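# Chain and residue survey
What follows is the residue order along each chain.
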Amino acid sequence: MKKAWLNLAALAALALILGAAGQWANEYQVRLLNNMAIYITLAVGYNLINGVCGQLHLGPNAFITLGAYTAALLTLTPPEKAQLFFLTPLQWPLSEISLPFPLALLAGGVVAACFGVITGFPVFRVRGDYLAIITLGFGEVVRVLANNLQGLTNGPMGLKGLYPYTNLWWSWGVAAAAVVLVISLVNSSYGRAMRAIREDETAARAMGIDSFRLLMLAYVLSAFIFGVGGGLLAHLITTISPSLFTFFLTFNLLIIIVVGGLGSTTGAVMAAAVFTMAGEWLRVVEEPAVIGGINIPGVPGLRMVIFSLALLLAILFFRRGLLGRREFSWDACGRFLARLRNLKLET
Amino acid sequence: MVGNFLLFLTAILIPATPAGAAEKGVKIGLYLPMTGAAAAMGQMVYEGVLVAYKLEPRILGQKVELALADTRSDKIDAANAVSRLIEKDKVAAIIGEVISSDTLAGAPIAERAKIPNISPTATNPLVTQGRKYAFRACFVDDLQGRVAARFARDTLKARRAAVLIDQAQDYCVGLASFFMEEFKRRGGEIVSVNYIQSGDQDFTAQISVFKGKNPELIYAPNYYAESALLARQLQDLGMKTPILTGDGAQVPELLSIGGPAVEGMYFTAHFHREGVATEIGKKFVKAYESAYNKELDAFAALGGECYFLVAEAIKQAGSLDGGKIAQALEGIRDFPGITGIITMGKDHNPIKLVMVLKVEKGKFAYQTTIKP
């Protein structure tokens, strides 16, 4: 009961911070907060299938693409679409539809989830490396389709001039919902069964766990989250094209969940937050600086070098990521505080 | 890596602004792909801007400060970079990006903040369309494709053209579609349209189709690697049809990959050092070539052009107010720049001459200039 209050208090604090940020933060800070929330959403979804269920799924970029394109095509108005698709006109029903942002986001999630259901059958016939290769393949297939189905996606020219609907409330609202959803799923009997599959699928099946159904559930749910996240991303940067959704997007998410600790939802949240902020903080090293009277010119690209070094160190010294498989919890916090207090008393 | 090292060297050679100087200074932001897929282009543009800055380091009697933010050739980072330049560095104007789709991620942010921004090489019409603060220093796909069609019909007297499009690049798709429209309007015939993808190595299937149609010209407005490979394979298959391509071909790699096969290839271009007629252009060419010890290319020229245009606009506006600078940029008429005499046209696209170059004896040779 006490924990529920603490959780609510944390959410209220988040809302307060968002309200304050909306009031006083400049556009740069707001943009970073939005980026952070979207990466949190995507990382939490990815961690469900990859960390909790232990299936090396390498195709989130496919679902993010689907969600982004679906949401973008639905929020654009018919005249805007006619202007964008000047080479090959957009297919009929889509060219006339225009939906409000929340419905478009939802539709993005649903389309991604449907694609998840369809691809889930072939994907879960195999495990391990083979599963990784199949999902990687689906990721590439979707991107290549986006490049070539000009009457649907406008091909390599992409969609431009989307209205920037994504604000702090939308991005953080979705992020909070995704975190709550995934955490409650992981803590339920479903979640325990998923973890059992991760540890030893044969043993789990012997205990009567229907592994296909559970993996499918996690896969489709993560697909939905990717879809919604993709819609948010599209309406944050206001322009999308297939080149945005390469394997590197998946790779970034993989880095986040590995650094956060595979299987730890709160770890994924923390790593996503650090990942998005670090990219910007480290810009400092690329700027010219004067230290002790010596001019140090900025070196573009240095930030990625430092980033990879940090990653290397994190993997070397925190073999299982920052949090391992543990989760952040109020109890652990309490124990930590108690230990601090004891230390003080002893000295 | 070599490019990075060169940048590092030039950055040392250029006197850094003393920190905490008393005068306020004019801050100009740059968001360029210094790393990632488009790094080569971003670095060339940066070199151009640095040279132009050295030639004109003071505007309105104040010292200019350049703030560079890397975009990693990525949309999300491009948007972050623009936000950062505006909020943290408080720049008066922004130069960038190099790639159209990344510029489209940055331009709306600058538009909301009312900061004038000018792209050296983003050729997609949508970059500036309907925006008050977005400009460009290059001509658009529309203009380049149409001029290529005119050159093909009027100068090369081609009636039957085959088109090869890299469909993974919006730049190539745009050029080709405007070329085809204009070519047909001028009484030409498009006998075959074939598609490739960036990174493809083998075009024999497409060439075989072309061979059967017997075209008098192949229009292949793709990047240098594809163009060079196309020329080699055409030669191998015994086709002597001339190739016409776009400004993406104007890099030394075209010659090193294509070798003798690219001899006689035509392309439309923004710039050729022999076509430089203005005084500032000549000064720029000299300064660039003595600083970097290599021939000035179109990207660096357009980078320098952006700097001079911004400097001119700030001087005319007489203030650092975004609205006033944008107004001055909009009103630029007959400005003698590096790549020609520039007049800012409607939709903030410069009206300037298009050059046609030809590969001759392993060099880019100036052929002719066409008025749009």
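Residues numbered from 1 in each chain as written. Chains lettered and ligands numbered in written order. Predicted model: local features only at pLDDT ≥ 70, side-chain atom pairs only at ≥ 80, totals over all residues. Heavy atoms only, no water.

### A closer look at the overall build of chain B
Helix and strand counts for chain B stand at twelve helices and 16 strands. Taking 2.2 N^0.38 as the reference for a compact globule, 372 residues should give roughly 21 Å; the C-alpha atoms of chain B span a radius of gyration of 21 Å, in line with that estimate. Looking at the 372 residues of chain B, the share that counts as buried comes to 61%. When contacts within chain B are restricted to residue pairs at least 6 apart in sequence, long-range pairs at least 24 apart make up 68% of them. (Helix = DSSP H or I, 4+ residues; strand = E, 2+ residues; numbered from the N terminus. Rg over C-alpha atoms; globule rule 2.2 N^0.38 Å. Buried < 20%, exposed > 50% of the residue type's maximum accessible area, 1.4 Å probe, protein only. Contact = heavy atoms within 4.5 Å.)

### A look at the overall build of chain A
Tallying secondary structure elements over chain A gives 16 helices and four strands in all. Computed over C-alpha atoms, the radius of gyration of chain A comes to 22 Å, within 12% of the 20 Å expected from 2.2 N^0.38 for 347 residues, which places it in the range of a compact globule. Considering only C-alpha atoms, chain A reaches an extent of 75 × 70 × 40 Å along its principal axes. The buried share among the 347 residues of chain A stands at 49%. Distance from the positive charge centre (23 side chains) to the negative charge centre (15 side chains) of chain A: 7 Å. (Lys, Arg positive; Asp, Glu negative; His and termini not counted. Charge placed at Lys NZ, Arg CZ, Asp CG, Glu CD.)

### Section: the sheet that holds strand β14 (residues 350-351) of chain B
All names here are of chain B. Strand order in the open sheet formed by three strands is β12-β13-β14, with antiparallel pairing between adjacent strands. With one partner strand each, in any of the chains shown, β12 (335-336) and β14 form the two edges of the open sheet. Two strands pair when backbone bridges link them, and β12 and strand β13 (residues 341-344) are joined in this way by two bridges, in the antiparallel orientation. By the bridge assignment for β13, F335 is matched with I342. (Pairing = 2+ DSSP bridges.)

### Overview of the nonpolar core
One finds L159 and I240 of chain A to be the most contacted residues of the largest nonpolar core, which totals 109 residues. The residues touching L159 of chain A, leaving out its near neighbours within four places in the chain, are Y69, A72, L73, L84, F85, T153, N154, T238, T239 and I240 of chain A. Residues Y46, C138, A328 and L329 of chain B belong to the second largest nonpolar core, which totals 55 residues. (Core = buried A, V, L, I, M, F, W, Y, C linked by side-chain atoms within 4.5 Å.)

### Describing the domain arrangement of chain B
Bring the parts together and some accessible area is lost; that lost area is often taken as the interface size. Residue and element names in this part refer to chain B. The domains assigned to chain B are domain 1 (4-139 + 275-352) and domain 2 (142-269). Each side of the interface is counted separately: domain 1 has four residues, and domain 2 has six residues. The contact between domain 1 and domain 2 buries some 700 Å² in all, and 68% of this surface belongs to carbon and sulfur atoms. A per-residue breakdown of the area domain 1 buries against domain 2 is headed by T123, F139 and A298, which together make up 53% of the total. Where domain 1 packs against domain 2, one counts zero salt bridges. Counting the contacts that link domain 1 with domain 2 gives zero residue pairs in polar contact (both at pLDDT 80 or more). Of the residues contributing to the side of domain 1 that touches domain 2, the split by class is two nonpolar, two polar and no charged. (Domains from an automatic or database assignment. Buried area = accessible area lost by both parts, 1.4 Å probe. Salt bridge = Lys/Arg side-chain N within 4 Å of Asp/Glu carboxyl O. Polar contact = N/O pair within 3.5 Å; in protein donor to acceptor, adjacent residues only side chain to side chain. Nonpolar A, V, L, I, M, F, W, Y, C, P; charged D, E, K, R; others polar.)

### Things to note about the pattern of salt bridges
Opposite charge on two side chains allows them to pair when their charged atoms are near. For the structure on display, the rule yields 27 salt bridges over all chains. The partner of R303 of chain A in a salt bridge is D70 of chain B, with the nearest N and O atoms 3.9 Å apart. Of this pair, R303 of chain A sits in helix α15 (residues 302-317) while D70 of chain B sits in strand β3 (residues 62-70), which puts the two residues in different chains. By the burial criterion, R303 of chain A is buried, and D70 of chain B matches it. As a salt-bridge pair, R159 of chain B and E216 of chain B come within 3.8 Å of each other at their nearest N and O atoms. Residue R159 of chain B is located in the loop between α5 (141-155) and β7 (160-166), and its partner E216 of chain B is located in the loop between α7 (204-213) and β9 (217-219); the two are separated by 57 residues in the primary sequence. A relative accessible area of 30% places E216 of chain B in the partly exposed class. Via salt bridges that share partners, E280, R283, E286 and R303 of chain A together with D70, R72 and D77 of chain B belong to a single interconnected network.

### Brief notes about unusual backbone geometry
Peptide bonds are, in most cases, trans, and in most cases residues other than glycine have a negative phi. Residues and elements named next belong to chain B. Note the cis peptide between G96 and E97, where omega equals -15 degrees. In this structure, E97 sits in the loop between β4 (93-96) and α4 (100-113). One non-glycine residue, L60, lies in positive phi territory at about 55 degrees. Tracing the backbone shows L60 in the loop between β2 (58-59) and β3. L60 sits in the partly exposed class, given a relative accessible area of 38%.

### Topic: the pairing of β3 of chain B
Residues and elements named next belong to chain B. The pairing of strand β1 (residues 26-32) with β3 spans seven bridges and is classified as parallel. Residue pairing across strands places V26 opposite V64, the latter belonging to β3. With two bridges connecting them, β2 and β3 associate as antiparallel partners. By the bridge assignment, R58 is partnered in β3 with K63.

### A look at the packing of aromatic side chains
Within this structure, the stated rule accounts for 25 aromatic pairs over all chains. Members of the aromatic cluster, each reached through a chain of ring pairs, are Y46, F63, F115, F124, F138, Y219 and F226 of chain A. (Phe/Tyr/Trp six-rings, centres within 6.5 Å; stacked < 30°, edge-to-face > 60°.)

### With respect to helix α12 (residues 211-237) of chain A
Residue and element names in this part refer to chain A. An ideal rise of 1.5 Å per residue puts 39 Å on 27 residues; α12 measures up with 38 Å between its terminal C-alpha atoms. Buried residues dominate α12, accounting for 22 of its 27 residues. Count one or two residues on from α12 and you reach T238, which has phi positive near 65 degrees. (Expected span 1.5 Å × (residues − 1).)

### Remarks on the interface of chain B and chain A
Taken together, the 41 residues of chain B in the interface contact 38 residues of chain A. Carbon and sulfur atoms supply 58% of the area that chain B and chain A bury against each other, a total of about 3,400 Å² over both sides. Of all residues in chain B, K75, I76 and R84 of chain B bury the most surface against chain A, accounting for 19% of the area lost on that side. For the pair chain B and chain A, the interface holds six salt bridges.

### Comments concerning the packing of helix α9 (residues 168-186) of chain A against helix α14 (residues 265-281) of chain A
Two numbers describe a pair of packed helices, the interaxial angle and the distance between the axes. All names here are of chain A. Between α9 and α14, the least distance of the axes is 10 Å, while the angle of their chain directions is 155 degrees. Taken together, the axes of α9 and α14 are roughly antiparallel relative to one another. On α14, the residues touching V179, V182, I183 and V186 of α9 are T265, T266 and V269. Grouping the amino acids of the contact of α9 with α14 by side-chain chemistry returns five nonpolar, two polar and no charged. (Axes fitted to C-alpha atoms, helices over the stretch in contact; angles between N-to-C directions. Parallel < 35°, antiparallel > 145°, perpendicular 65-115°, else oblique.)

### Looking at a nonpolar patch on the surface
Together, L312, L313, L316, F317, F318 and L322 of chain A make up a nonpolar patch on the protein surface, roughly 620 Å² of accessible area in all. One can find F318 of chain A in the loop between α15 and α16 (330-346). (Patch = residues over 30% accessible without salt bridge, like charges linked within 9 Å, V, L, I, M, F, W, Y side chains within 5 Å. Areas by Shrake-Rupley, 256 points an atom, 1.4 Å probe, with all protein chains shown as cover.)

### Concerning the state of the cysteines
The tally for this structure, following the rule as stated, stands at zero disulfides over all chains. Take C53 of chain A: it sits in no disulfide, and the sulfur closest to it among the cysteines is that of C114 of chain A, at 20 Å. (Disulfide = S-S within 2.5 Å.)

### Focus: the side chain of S171 of chain A
All names here are of chain A. Along the chain, the position of S171 falls in helix α9. Relative accessible area serves as the criterion here: at 0%, S171 is assigned to the buried category. Not counting residues within four places of it along the chain, the set of residues in contact with S171 comprises N34, A37, I38, T41, T166 and L232.

### What to know about the sheet that holds strand β11 (residues 266-269) of chain B
Residues and elements named next belong to chain B. Reading across from one edge, β8-β7-β9-β10-β11-β15-β16 is the order of the seven strands in this open sheet, with mixed pairing throughout. Looking along the sheet, the strands with just one partner apiece sit at the ends: β8 (189-196) and β16 (363-370). Between one strand axis and the next, the sheet turns by 25 degrees as a mean value, whatever way the strands run. Bridge analysis of strand β10 (residues 243-245) against β11 gives two bridges, and the strand direction is parallel. Residue T245 lies in a different strand from β11, and its bridge partner there is F267. Against the sheet, α5 contacts β9, β10, β11, β15 (354-360) and β16, and its axis sits at roughly 90 degrees relative to β16.

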